[in-house]
Amino acid sequence: MTNHTTAPTLTPPEYSTSFGEYVGIGPNGNLWVDGCDVAELADRYGTPLYVISENQLRHGYRAFRDAFRRHYPDVEILFANKSNNGLAIRHIFNQEGAGGDCFGAQEMYMALLAGTDPSTLVLNGSNKQDDELELAIANGLCINIDAMDELDRIDAIATRLGRTANLGIRLKLDLDPLHDRHGVAMHGPGTLKQQSDSTKWGMTREQTVEIVKRALAMPNMRLKETHFHLSRMSNDPADFAVMAREMITWSGHLRDHAGWTPPTIDIGGGWTFGKWYGTGPNGQLDDANAPTPEDYARLCCTAIKEEAERLGLPLPKLRLEPGRSLSGPAGIAVGRVGAVKDGAKKWVNLDLSTNHLSWAAVLDWYYHAVPVRDAGAEATETVDLVGPLCNSDELGPHRKMPPLERGDLVAFLDAGGYTESSAARYNAQLLPATVLVTGSAHALITEREQLKDVAGRFRVPPHLLAASFARDEAA
Ligand SMILES: *Cc1c(COP(=O)(O)O)cnc(C)c1O
């Protein structure tokens, strides 16, 4: 349950160079996360290694919360659990009072296992399974409907359990004002409107009217919210304000055509972050001047209030579901240098790979890389930072680095989101460990995989074993 008294006061350390409030160059010239030297962590826990800062997570959440509280009377922040599923991470967000967005039975199970208040959890998904719906209904989560037959399926399960189900509806917003607006093409080409139109997500106006009318007639169904999320990596707050405004326009439509006004709107996630070193999720676009959560909150909340006033609607409770913007800046990924090879260019091989930084395979400018020892050393070489996999495994092409040799360490910044949670085992690689740093303390929060984890799931059926090993008695 929400327990704000366990959330500590935050005092960021002072660094000679800061990459975030809790990541920077520490007193010995190495890269530090909060009060820990990353070189010492790598020596102790091994590489490849993810390092997460507890205090950076808390700091990022509070910046978001406070920005929205300044501009809106009733707001609830739901961490997108999929961006980092660690149980320790979930505990931290619980202590901060954050809710969560879950996809699938396992994410829901883990959020519940970590003790998250179910009334602050939503279940999203385009093809929810019966066991998943049952877990959500039994625990009182809000289920965001995203298929026409979902309502009947939920009703049947709720009736069987003797429970009331909490419902939202995921919308397919029109987004006409975004017909010429672009984000980063992480999910294929097209403008923001084209991307939204072409994804599987969301119900049309007519469909939502029908769902609302039918749900209102079902005694076990409690309608709670409308929902929208577009993963787009635009951090122009005006784009988000268009989406927020249209949520309210849609509320007016539902009031007029279905007799129900959503008491809550959930505007999803998708907000990014900018860093002075010019990478972060928008590459060349994001720098020290990138818009802040304050800009995001101000424009969205203004749009919501204006549209609600225009339509004579009460202000709904506002929910949002930031993922990457909270988890990303709180983590780094660390690899150790192996073979260094000169040729047409210089390749620096690391034990970290695109298995562990999957977005680097799509957007090779994505992560900013820094040496761990002597992190401020002059960058005199241009190298390709590569992993050990059988493909090109480019983690960072054309990176300016000081001379690196076998045994050195390289860290990729802003790697706390969509790294561990989307890590792969390609080439039968073992998944890395994760260590949580809190001040000068550190603790393992994800065990490193072992050979048994990779090899142990495979089976050889009897006929193949027999063909390989059984003696032919007749011979
Ligand atoms: C992925 C997702 C989020 C979080 O997106 P970010 O880009 O990480 O902020 C929020 N809500 C839903 C429904 C999502 O699918």
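Owing to the predicted nature of the structure, the values given are computational and were not obtained by experimental measurement. As a convention, each chain's residues are numbered from 1 in the sequence order in which they are written. Totals for whole chains, interfaces and linings use every residue, but because this is a predicted model, local features are given only for residues with pLDDT of at least 70 and side-chain atom pairs only at 80 or more, for both listing and counting. Only hydrogens and water are set aside; all other atoms, that is, all heavy atoms of the structure, feed into the side-chain values.

K.L.:
How should I be thinking about the packing of aromatic side chains in this particular structure?
P.N.:
Each aromatic ring pair is described using two quantities: the centre-to-centre distance and the angle formed by the ring planes. Stacked, edge-to-face and tilted are the three classes for Phe, Tyr and Trp ring pairs, Trp counted by its six-membered ring, which pair at centre distances within 6.5 Å; planes under 30 degrees apart are stacked, over 60 edge-to-face, the rest tilted. All told, the structure shown has 13 aromatic pairs when counted by the stated rule. Taken together, the ring pairs in this structure connect Phe 64, Phe 68, Phe 240, Trp 271 and Tyr 296 into an aromatic cluster. In our convention, an over-ring charge means Lys NZ or Arg CZ found within 6 Å of a ring centre and within 35 degrees of that ring's normal. Lying over the aromatic face of Trp 250, Arg 205 brings its terminal NZ or CZ to 4.9 Å of the ring centre. Looking at Lys 341, its charged tip hangs above the ring of Trp 347, at a distance of 5.9 Å from the centre.

K.L.:
Help me out: how do you make sense of the sheet that holds strand S10 (residues 165-170) in this one?
P.N.:
Whenever strands of a sheet pair, they do so through backbone hydrogen bonds, lying parallel or antiparallel. Here we have 8 strands rolled up into a closed barrel, ordered S6-S7-S8-S9-S10-S11-S12-S13, and parallel in their pairing. Going across the sheet, the axis of each strand differs from the next one's by a mean of 30°, ignoring polarity. Of the strand pairs in this sheet, strand S7 (residues 99-103) and strand S8 (residues 121-124) are connected by 4 bridges, and their pairing is parallel. Each residue of the ladder has a partner; that of Cys 102, found in S8, is Leu 123. Note on contacts: a residue pair qualifies if any of its non-hydrogen atoms lie within 4.5 Å across the two residues. To obtain each axis, a line is fitted to C-alpha atoms, and for helices this fit is confined to the stretch in contact; angles are then taken between N-to-C directions over 0 to 180 degrees. Helix and strand definitions follow DSSP, with helices as H or I runs of at least four residues and strands as E runs of at least two, each counted in order from the N terminus. Of the strands in this sheet, strand S11 (221-227) and strand S12 (264-266) touch helix H9 (residues 237-258), which is tilted by about 140° from S12. Two strands pair under a simple rule: DSSP has to find at least two bridges between them.

K.L.:
Just checking my understanding: could you explain unusual backbone geometry for this structure?
P.N.:
For residues besides glycine, phi is generally negative; the peptide bonds are generally trans as well. Each neighbour pair has its own omega, and for Thr 47 with Pro 48 the value is -10°, a cis peptide bond. Secondary-structure assignment places Pro 48 in the loop between helix H1 (38-45) and strand S5 (49-53). Although it is not a glycine, Leu 175 adopts a positive phi angle of roughly 55°. Following the sequence through the fold, Leu 175 ends up in the loop between S10 and helix H7 (192-198). A 1.4 Å probe rolled over the protein chains alone gives each residue an accessible area, and that area as a share of the maximum for its type sets the label: buried under 20%, exposed over 50%, partly exposed in between. With relative accessibility at 0%, the residue Leu 175 sits in the buried group. Phi is positive for Asp 393, close to 50°, though the residue is something other than glycine. Residue Asp 393 is classed as buried on the basis of its relative accessible area, which comes to 2%.

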